[in-house]
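Chain by chain, the residues:
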Amino acid sequence: MLSSLLERKIEKRPDKVRLAGRILFLTEDPELIKKQLAGEDLPWDTKNSANNPKLRDDISTDEITPAHYCFYFDETLGEIPYMGLKCGNTLPIGRGDVKRGGFVCAVSGKRRGKGSSREQSPYAEMCAGIRVVIAENIERIYKQNCQNLGLLTSTNFSLIGKIRAGEEIPLSEFTAGEDDITRQVIEYGGLFPFNVARMQKKVFLPPIKTAGESVAGEGSAVTKLGTVRPMTVAEKIFARHMINERGEVGVAAVKPGDTGFARADLRFSHEYVTPMAAIFFEQYVGKDAQVNDPHSIVFFRDHLTFLDEVISEEKKKIGLLDLATQLKLKQQDFAKKQGIRLHGELKDRKGSEGICHSIILESYALPGQLNIGSDSHTPHVGAIGCVAFGIGTTDVFNAWITKDVRVKVPESVKIMIRGKRHPNVTAKDFILKILSLDYVRSGKALAKVMEYAGEAIEELSVDERATMTNMAAEIGGFTGIVAPDKKAVDFLVERRGIDRREAEKTIAGLTSDPDAQYAQVIELDAAEITPMVATPGDPGNGKYIRDMHTPVPVEIAYGGTCTAGKNEDMDMYALVLADALRHGKRVANSCQFFIQFGSQETRDYCVRKGYLKIFEQAGAHVIEPSCGACINAGPGVSSRPDQVVISAQNRNFPGRSGPGQMYLASPLTVAASAVAGYIVEYHPSETRELASV
């Protein structure tokens, strides 16, 4: 494999770009979008933005490429972009509209590309003819996926006039402000050609010269974590994994902005991404090429196990269920050919071994590691002190070659939650509160490490900490992390069977230095936080339940996914339902309550604790592990626009889990609302809010 890549001809793209085509402004007004699709060019004042119509903010990758259409993993995706884009209550863009419109540029507002790490989104835009994306700010994974594919991005709205005039634009307009490596990735037209040039020693890799102490020999991590420059816990882990100018693993110290490649301890992907990555690998590297170190790669079949139960007849007729099956088969074949471990479907019943994030935490990750995965919720394992982050398809297949990943060391934000929380407040309430803060909603937290600390965080279990680190993805952060402590050690000993002394060694030195530097320190008082919900449309729409003055009836309650399918989440569902049963109550007749395990280990835990009987007696429907409803692929999804769902999952973007109105909440709130039939806080000492059967 290496010799063939060393001989391949690789050239940079031209240093000037001319974009011949139209500009699509993704506005809040659906009629303006329809006019553009019909051939009318929208006037745009590049000098006075107040004269322009409002652009859509917070466009998620779910809206760019709705989940069901990600079953395509070829250029058919060019017919799909923006089919889920919601403007008011309208979906103005249909299949093939963008491609037929001759657009070369798409413009939107704040936080473009938030949500899933699916590279199908920018790939679909490219296949539809889009060559440049302009937005006020752009989410990290989406932006990196664009760069990896060769799709240009910019936050410079003055380019609109130049594109319309058909002027040549210097490529430097799109590389300005980028680090040396990202600049070269853009110049070479994508990550793969850059990596080939890297192997051929044609590119410049800036040495990391941040001051620090000694580094161990080749293949080792930094042995002395104390450095001249104080570091955060995440920076210490990056320093252990960055590749130095001699090609060895480990540098003495890093600071935000340092760029390079980091050696990954673990690389994983699931059936939404593996097939597309495998096709890229076979196409660009070779059908008979072997991946680098298959033993540190893991595949998962976890997203689409229950798809057949909820997919519409219309989607079946256009072959989407068959396409989903092809994803499964392609992953199986590639895993077998490459000798890669695949956590797949169950042999004796419907369901999967578990969700990737659940299994990685339960069986693989260790404190101090750097792990990468094909999912934005990869930061889940930051709960035990890993730096773990989501990557796109091109990053995945390149990591199969190089075993490393491109990294620009991010700034860190320290979120201190002090004091003691109320008994009915959970980690989910904490994260919904954080998501509602102006600092997060304005995009200031984008691409930063979220380091959670304070007495209220220290009091949380590893399962609950995982909810916090998992949902760093919704913040738009690079990753989330909690410095590992005795609770992390106990988790490794009790859940993984690791010797205590060995577990303690893994956390040595993994604390932030007292004078480490942060981009922002956010302080919250746990006593001031009460149970919350995020109202439909965005996880950042958080509000206290006590401030909802009108009862909100719910038809569906869902507890599950990587975020809320863990052991302690099951403790919470069981607590509420057992309490209801003691008072002669159960799930309200007006509501269906679905509880889905995150893994078989969690299912076994529920069996040992007697929870299955409680769930059954209370009227809840229990489902084997899968991502399921969270990606519109299992029981718990809505089927009507007016249907109200309360869910413990992580996202409620438009169309994410069906056409209904989804509220996000904690496992306690979801279970209590299922019993009441409307959204309520859980108060174990009170029974007045529990509905009659």
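Residues numbered from 1 in each chain as written. Predicted model: local features only at pLDDT ≥ 70, side-chain atom pairs only at ≥ 80, totals over all residues. Heavy atoms only, no water.

For the structure on display, the rule yields 20 aromatic pairs. Plain terms: the ring middles of Phe334 and Trp400 are 5.0 Å apart, the flat faces sit at 25° to each other, and that makes the pair stacked. Here Phe334, found in helix H14 (residues 320-338), pairs with Trp400, found in helix H16 (residues 393-402); they are 66 residues apart in sequence, far enough to count as distant. When sorted by exposure, Phe334 lands in the same class as Trp400, which is buried. An aromatic cluster of at least three residues, connected via ring pairs, comprises Tyr123, Phe192, Phe280, Tyr284 and Phe397. In this structure, Arg140 is placed above the aromatic ring of Phe478, and the distance from its NZ or CZ to the ring centre is 4.3 Å. Taking NZ or CZ as reference, Arg198 lies 3.7 Å from the ring centre of Phe261, over its face. (Phe/Tyr/Trp six-rings, centres within 6.5 Å; stacked < 30°, edge-to-face > 60°. Helix = DSSP H or I, 4+ residues; strand = E, 2+ residues; numbered from the N terminus. Buried < 20%, exposed > 50% of the residue type's maximum accessible area, 1.4 Å probe, protein only. Lys NZ or Arg CZ within 6 Å of the ring centre and 35° of its normal.)

On to empty space enclosed by the protein, then. Rolling a probe over the atoms, with the probe sized like a water molecule, indicates the empty space that remains. Evaluated as defined, the whole model comprises seven cavities of 30 Å³ or more. Considering only enclosed or pocket space, the largest cavity measures out at about 230 Å³ in volume. Forming the walls of the largest cavity are 22 residues, and the residues nearest its centre are His270, His303, Asp375, Ile631 and Arg656. Residue composition of the lining of the largest cavity, by class: seven nonpolar, eleven polar and four charged. Considered as a void within the structure, the second largest cavity measures approximately 100 Å³ in volume. Per-class residue counts for the lining of the second largest cavity are four nonpolar, seven polar and three charged. (1 Å grid on protein atoms, 1.4 Å probe; cavity = no way out; pocket = protein on both sides within 12 Å on 5 of 7 lines; lining within 4 Å. Points joined across faces, edges and corners; volume = space filled by probe spheres on them. Nonpolar A, V, L, I, M, F, W, Y, C, P; charged D, E, K, R; others polar.)

One way to put it is that helix H10 (residues 191-199) packs onto H16 with a least axis distance of 10 Å and a crossing angle of 20°. With respect to their mutual orientation, H10 and H16 come out roughly parallel. The two elements H10 and H16 meet at a crossing, and its hand is right-handed. Residues Leu191, Phe192, Asn195, Arg198 and Met199 of H10 touch H16, and the partners they reach there are Thr394, Asp395, Phe397, Asn398, Ile401 and Thr402. Split by residue class, the contact of H10 with H16 holds five nonpolar, four polar and two charged. (Axes fitted to C-alpha atoms, helices over the stretch in contact; angles between N-to-C directions. Parallel < 35°, antiparallel > 145°, perpendicular 65-115°, else oblique. Left-handed = near helix turned anticlockwise from the far one by under 90°. Contact = heavy atoms within 4.5 Å.)

Turning next to the pairing of strand E7 (residues 259-263). Along any regular strand the residues' side chains alternate between the sheet's two faces. For E7, the tally of buried residues reaches four of five residues, placing the bulk of the element in the interior. Bridging between E7 and strand E13 (residues 404-408) involves five bridges; their strand directions are antiparallel. In the strand pairing of E13, Phe261 is matched with Arg406. (Pairing = 2+ DSSP bridges.)

Let's shift gears to the environment of Gly113. Among the secondary structure elements, Gly113 is positioned in the loop between strand E3 (103-107) and helix H5 (120-127). Assessed through its relative accessible area of 2%, Gly113 is described here as buried. The sequence separation of Gly113 and Asp258 amounts to 145 residues, and the corresponding C-alpha distance is 24 Å. In contact with Gly113, other than residues within four places in its own chain, are Ile59, Thr61, Glu139 and Tyr142.

Everything listed here is a matter of coordinates, which is why it stays silent on function.
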